[in-house]
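Working through the structure, step by step
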Amino acid sequence: MEDPVLIEYKNQAATITLNRPERRNAINEALLRGLYDGLEKAASDDEIRVIIITGKGPAFCAGLDLGCLETENLVDPRGDGRDLVDIVADCRKPVIGAVNGPAVTGGFELALNCDFLIASEKAAFADTHARIGIRPGWGMTQLLQQAVGQRLAKQFSLTCQWIRAEQALACGMVNEVLAPEELMPRAEAIARMICEADNETALTVKGLIEYRNQATFAEALENERKPLKDLVAASGTSFASQTLNKRD
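First, a word on what this report is: a plain description of the structure on this page.

What follows deals with the overall build of the chain. When its secondary structure is counted, the chain shows 11 helices and 9 strands. Relative to its length of 248 residues, the chain is compact, with a C-alpha radius of gyration of 19 Å against a globular reference of 18 Å. When each of the 248 residues of the chain is scored for burial, the buried share is 42%. Partitioning the intrachain contacts of the chain with sequence separation of at least 6 by distance along the chain shows that 68% fall at a separation of at least 24. Accessible surface, the chain as shown: approximately 13200 Å² in total, 52% of it carbon and sulfur. Counting 27 positive and 36 negative side-chain charges, the chain places the centres of these two groups 4 Å from one another.

Given below as structure tokens:
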């Protein structure tokens, strides 16, 4: 039996592929453990600068495998009390979602937990929690509204409607839509561009952008500027000079 999650390391990038194509990459306990372990391993590997998540076959992820709900532990598969949101939040490295096909409910949440998404023309998204009577638990109610705004998030989640790739692009949920054969080459090209940046600065910028979600605008702006202000105060030079010197 093939591993439910495949991991490839190449050019400072880790590509994590959900590998249950016969079940449309539906999430069972083994897949969840493999996903969590793969994310943590890539996050702790100093040689890895960026992570790509995608699915094998025609689907990205069909969500929880409903046939496993009563027989497998899909809440805490490793027994350590950590779930998808915890693991992604602890990963400082950029996570690119390369959405190759439908991403439904829990699979949609997995996509939304990525830092940004690029999608195949065959991608589509749906939040069906309300239809099947399962409460969201991996960030749907917060991450979807961050991506598209509160009004659209309410419409998408309350109607359980399908969101096609071009509509997802139009409302800002995904960054790019590509032909299926162009998806992974584009994800790898974006990963290379990230790897060409100064690593510590890139990670700092990522953290500062994310801090905005936990703070007011003024607090987030102050958090960004504080290190440079401290340099100015210590050296007595101008803010502009310190900024230029830091850049050089």
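A few words now on the nonpolar core. Counting residues in hydrophobic clusters, the biggest one holds 45 residues, and the most contacted among them are Leu39, Ile53, Val99, Phe125, Leu144 and Met173. Every residue in contact with Phe125, bar those within four places of it in the chain, is listed here: Val99, Ala103, Phe108, Ala111, Leu117, Gln161, Trp162, Ile163, Ala168, Met173 and Val174. The next biggest cluster of nonpolar side chains, apart from the first, holds 13 residues, and it includes Val50, Ala98, Ile118 and Ile190.

Our next topic: the sheet that holds strand β5 (residues 102-104). Judged by pairing direction, the sheet is mixed, and its 3 strands sit side by side in the order β5-β7-β8 without closing on themselves. Two strands lie at the open edges of the sheet, namely β5 and β8 (163-164), each paired on one side alone. Alignment of β5 against strand β7 (residues 124-126), held across 3 bridges, turns out to be parallel. Each bridged residue has a counterpart across the sheet, and for Pro102 the counterpart in β7 is Ala124.

Next up on the list: the sheet that holds strand β1 (residues 5-10). Strands sit in the order β1-β2-β3-β4-β6-β9 across an open sheet of 6 strands; the sheet is mixed. Since the sheet does not close on itself, it has two edges, and those belong to β1 and β9 (176-178), each with one partner. The sheet shows a mean angle of 20° between the axes of neighbouring strands, taken without regard to direction. Sheet topology places strand β6 (residues 116-120) next to β9; 3 bridges connect them, and they run parallel. By the bridge assignment, Ser120 is partnered in β9 with Leu178. Across the sheet, helix α1 (residues 29-44) is in contact with β1, β2 (13-18) and β3 (50-55); its angle to β2 comes to roughly 175°.

So, on to the environment of Ala62. By the secondary structure assignment, Ala62 is in the loop between β3 and α2 (84-90). Given the relative accessible area of 29%, Ala62 is considered partly exposed. For Ala62 and Gln155, which are 93 residues apart along the polypeptide, the C-alpha to C-alpha distance reads 20 Å.

Okay, a negative patch on the surface next. A cluster of acidic residues, Glu121, Glu166, Glu181 and Glu182, forms a negative patch at the surface. Relative to the elements of secondary structure, Glu121 occurs in the loop between β6 and β7.

To continue, consider the layout of surface pockets. Taken as a whole, the largest pocket encloses approximately 1100 Å³ of empty space. Looking at the largest pocket, it is lined by 33 residues, and the ones nearest its centre are Asn113, Cys114, Asp115, Glu210 and Asn213. Contributing elements (two or more residues each) for the lining of the largest pocket: α2, α3 (106-112), β6, α5 (140-148) and α9 (199-211). Broken down by element, the lining of the largest pocket gets its largest block of residues, 7 residues, from α9. For the lining of the largest pocket, the residue count by class is 20 nonpolar, 9 polar and 4 charged.

The rules behind each value
Residues numbered from 1 in each chain as written. Predicted model: local features only at pLDDT ≥ 70, side-chain atom pairs only at ≥ 80, totals over all residues. Heavy atoms only, no water. Helix = DSSP H or I, 4+ residues; strand = E, 2+ residues; numbered from the N terminus. Rg over C-alpha atoms; globule rule 2.2 N^0.38 Å. Buried < 20%, exposed > 50% of the residue type's maximum accessible area, 1.4 Å probe, protein only. Contact = heavy atoms within 4.5 Å. Areas by Shrake-Rupley, 256 points an atom, 1.4 Å probe, with all protein chains shown as cover. Lys, Arg positive; Asp, Glu negative; His and termini not counted. Charge placed at Lys NZ, Arg CZ, Asp CG, Glu CD. Core = buried A, V, L, I, M, F, W, Y, C linked by side-chain atoms within 4.5 Å. Pairing = 2+ DSSP bridges. Axes fitted to C-alpha atoms, helices over the stretch in contact; angles between N-to-C directions. Patch = residues over 30% accessible without salt bridge, like charges linked within 9 Å, V, L, I, M, F, W, Y side chains within 5 Å. Salt bridge = Lys/Arg side-chain N within 4 Å of Asp/Glu carboxyl O. 1 Å grid on protein atoms, 1.4 Å probe; cavity = no way out; pocket = protein on both sides within 12 Å on 5 of 7 lines; lining within 4 Å. Points joined across faces, edges and corners; volume = space filled by probe spheres on them. Nonpolar A, V, L, I, M, F, W, Y, C, P; charged D, E, K, R; others polar.

Geometric descriptors of this kind do not, in isolation, establish any biological role.
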